[in-house]
Amino acid sequence: MADRLKREVKESRRRGERAVHIPGDRVPRELIVLPQRLHRDLATPPDIHNDGMEPCPETSTIWLHRGADCTLPGKHARGRIAFGRSDTILLMFYLEHLLPFLFPFYRPSLLQGGRAWILEMMISSPVFRRATLCQSSYFFSLAHGTANRDLVWETVVAQTRDAFVVLRQSLQVIDGSGVTEHMHGAVRIMASIMQVQRFEIAVLSFNNCQAHLNAALALFRQLLDSPGAEPAGPSSSFNAVISRLGPSSQCVQVPSAEQAAFVFSSTLLILDDIIASTVLQEQPRLYEYHRSLLGNIDSTDPPIDLEAAVGCQNWALLQISEIAVLDAWKQRCKRAGNLDVMELVNRATAIKDSLEAHLTRLETDPVIIPKEGSSLLDVFTVDYGRQSKTPASQSSLVTRVWAHAALVYLFVVVSGWQPASVDVRYHVGRIVELLTRQMSPPALLRTMVWPFCVAGCLAEGAQEAHLRGMVEALQPPSVFGTVRKALEIMEKVWRNRDAGDARSRDLATCFRSQGDLVLLV
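Reading guide: rules and limits
Residues numbered from 1 in each chain as written. Predicted model: local features only at pLDDT ≥ 70, side-chain atom pairs only at ≥ 80, totals over all residues. Heavy atoms only, no water. Helix = DSSP H or I, 4+ residues; strand = E, 2+ residues; numbered from the N terminus. Buried < 20%, exposed > 50% of the residue type's maximum accessible area, 1.4 Å probe, protein only. Contact = heavy atoms within 4.5 Å. Areas by Shrake-Rupley, 256 points an atom, 1.4 Å probe, with all protein chains shown as cover. Salt bridge = Lys/Arg side-chain N within 4 Å of Asp/Glu carboxyl O. pLDDT = per-residue confidence, 0-100. Expected span 1.5 Å × (residues − 1). Disulfide = S-S within 2.5 Å. Core = buried A, V, L, I, M, F, W, Y, C linked by side-chain atoms within 4.5 Å.

**What to know about the overall build of the protein**
Alright, step 1. A tally of helices and strands in the protein yields 21 helices and zero strands.
Alright, step 2. Within the span of the protein, comprising 521 residues, buried residues form 55% of the whole.
Alright, step 3. Residue pairs at least 24 apart in sequence account for 77% of intrachain contacts in the protein once pairs closer than 6 positions are excluded.
Alright, step 4. As presented, the protein carries roughly 22400 Å² of accessible surface, and 53% of it is formed by carbon and sulfur atoms.

In structure tokens, the structure reads:
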């Protein structure tokens, strides 16, 4: 592994790239730069379609359905197809260890293809492969205990830069074409952007979060608005895109790699968009899609299931979205000087009633762990007495934590910063209790960083040491970067607990105090 790192850094120097000393636990902002094309205002985005991968004869036989592709010029085309041994190790490390750590609730059925789509995307898409290897290389180095941190960081930065180069070339190759012609490639690029986003968040480099979010949102909208998508509504359009990404009829009927990638990436994108709206005090950019994609309409399951990917049931995040919309409306009215307090209270009451009704059902009804139908596959998935790390009960706990945090968020939006409020104290206390007594394993805290930070910012002084201890127990710190960032935000609030402007504080102010768009996901 060390020899490979040296070779890659040496190669980057040969190309004229300056080696940089990188102290601490962060990727320097000036080195992680999104291609200029995606830094543009994407309110009217250009067409972004395909990652430009030329099919490889050695791997094309395992593809269920590839869709239209373009050829990347130079070294990023066929020369990058072959996997070296180090890349193979990193690939397996990602699939077997890193992915379950990052997304412990994401366990698609093996009979529906499982997580094989990630392997296929790594093989067939240079940009997805580069984006994934960035993450894997970083965390593998931590797990391996590599002594030379500077060398590790140089390699990680070089790999991240390489991912951006491939992304830029992919976009340029297909410039001028339409999403309709390159739908599969557009999905691969969208999935790659979300991978890069998650990696940079993990290493606490937030300066590109807004640009990445803009790009992914633009792709998502273009895909749903592409010709051939159903005009009946977002749900119909989403299902139409899924259908067009599907495998050909002569293949085994499991989701294609692009189908699975689109659903998974859309799930992460909707979560990121909602969390970003709580920081920016703006309506979520995909708000008009939420009810159709996340809600139960006519007793049918929603197209997107957040619980299956991040452990939180749809209704909790739907209500957080509604609170963000309410907060954005309140801020507009305050600036215009025409805030109607009665309307604010009425709208907030509807949200509060919905949250409390769902939360009551979740806390009083027994958790029913679904049992899949018996099949031969059960023989290969025997647990031999070990308990699953993330059973349905843990998903219920995650949802309750998010719901209690949503209510705290609502109280702050409506009534202002009142940590001593009886309601705020109750819900903060419930969050702390759930995380302390019922969460297992403790590492699951990284799936609840936003609600943890909301509770911590409004915690009482007596709770500070306990919350700090929960974070410090997660080792090594570099693996739990977002949890550490949450503690950093909380510590700043605690230091200014008695400041003269404390009454005018809100949660968005706490999150924005870090400068960039901080996504605690």
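**Here's the deal with the pattern of salt bridges**
Alright, step 1. Using the criterion set out here, one finds 16 salt bridges in the structure.
Alright, step 2. For Glu433, the salt bridge is made with Arg437, and the minimal N-O distance between the two is 3.8 Å. Of this pair, Glu433 and Arg437 both sit in helix H17 (residues 422-438), separated by four residues, roughly a single helical turn.
Alright, step 3. Taking the relative accessible area as the measure of exposure, Arg437 reaches 67% and is therefore exposed.
Alright, step 4. Connected via shared salt-bridge partners are Glu363, Arg430, Glu433 and Arg437.

**So, the confidence of the model for the protein**
Alright, step 1. Put simply, the protein has an average pLDDT of 78, and 73% of its residues get 70 or more.
Alright, step 2. In this model residues 1-80 is a low-confidence stretch, pLDDT under 50, and it forms 201 contacts with partners more than four residues away in sequence or in other chains.
Alright, step 3. Contacts for the low-pLDDT stretch residues 382-389, under 50 throughout, to residues beyond four places or in other chains number seven contacts.

**Digging into helix H7 (residues 183-202)**
Alright, step 1. Taking 1.5 Å per residue as the helical rise, H7 with its 20 residues ought to reach 28 Å, and the 29 Å between its terminal C-alpha atoms agrees with that figure.
Alright, step 2. With 20 of its 20 residues buried, H7 lies for the most part within the structure.
Alright, step 3. At the exit of H7 stands Leu204, carrying a positive phi of roughly 60°.

**Looking at the state of the cysteines**
Alright, step 1. If you walk through the whole model with that rule in mind, you get zero disulfides.
Alright, step 2. This cysteine, Cys453, is not joined by any disulfide, and Cys457 carries the nearest cysteine sulfur, 4.1 Å off.
Alright, step 3. Classification of Cys453 as buried rests on a relative accessible area of 0%.

**So, the nonpolar core**
Alright, step 1. Among the nonpolar cores identified, the biggest contains 148 residues, and Trp117, Phe220, Phe262, Trp402, Trp450 and Phe452 are the most heavily contacted of them.
Alright, step 2. In terms of residue count, the dominant contributor to this core is helix H16 (residues 392-415) (14 residues).
Alright, step 3. Those residues within four positions of Phe452 in sequence are excluded, and the remaining contacts are Leu435, Leu445, Leu467, Met470, Val471, Val483, Ala486 and Met490.

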